[in-house]
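# Observations on the model geometry
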Amino acid sequence: KSWSKIENYLLETMPVFTDRANGYLLAKPFDAWKPMAPGLFKTADGGKTWTRIGAAPPRVNWQGHLAYDGTRRRIGYQHPDGALSWTEDEGGSWR
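Before going into details, it helps to say that this report is about the structure given with it. This one's a predicted model, so the numbers in the text were calculated from it and none came from an experiment. (Residues numbered from 1 in each chain as written. Predicted model: local features only at pLDDT ≥ 70, side-chain atom pairs only at ≥ 80, totals over all residues. Heavy atoms only, no water.)

## Looking at the packing of aromatic side chains
Inspection of every chain in the model, using the stated rule, returns two aromatic pairs. Measuring from centroid to centroid gives 6.2 Å for F17 and W50, while their planes differ by 65°, and the two rings are edge-to-face. On the criterion of sequence distance, the pair formed by F17 in strand β2 (residues 16–17) and W50 in the loop between β4 (39–43) and β5 (51–55) is long-range, its members being 33 residues apart. Look at W50 and you get buried, because its relative accessible area is 15%. Ring geometry for Y24 and Y68: centres 6.2 Å apart, planes at 15°, overall stacked. (Phe/Tyr/Trp six-rings, centres within 6.5 Å; stacked < 30°, edge-to-face > 60°. Helix = DSSP H or I, 4+ residues; strand = E, 2+ residues; numbered from the N terminus. Buried < 20%, exposed > 50% of the residue type's maximum accessible area, 1.4 Å probe, protein only.)

Rendered as structure tokens:
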């Protein structure tokens, strides 16, 4: 299996897959001329293509970890300080 290039984005987390096809990651659009906010991206084709679907949690950075809670069908982000943020609407809101 190969990884597809996500052009002009800096990965904030490694992807987390819920099955062979579907997965999530946090990434930040890269533009050397202006700061841009990171977002939550989703794939439905095993990582061949990624689509921004929502916002990233507050204070996201590359030292955190993304997780998927299959029981409650929510996405979690563990901050470097151990705090947890959860979204139940694919990045529409985080708590």
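Now that the structure has been shown, the text picks up again.
## With respect to the sheet that holds strand β7 (residues 74–78)
The strand order across the open sheet formed by three strands is β6-β7-β8, and the pairing between neighbours is antiparallel. Where the open sheet ends on each side, the last strands, each with one partner, are β6 (65–69) and β8 (84–87). Here the average twist between neighbouring strands, direction ignored, is 25°. Relative to β8, β7 runs antiparallel, the two being bridged by four bridges. By the bridge assignment, Q78 is partnered in β8 with L84. (Pairing = 2+ DSSP bridges. Axes fitted to C-alpha atoms, helices over the stretch in contact; angles between N-to-C directions.)

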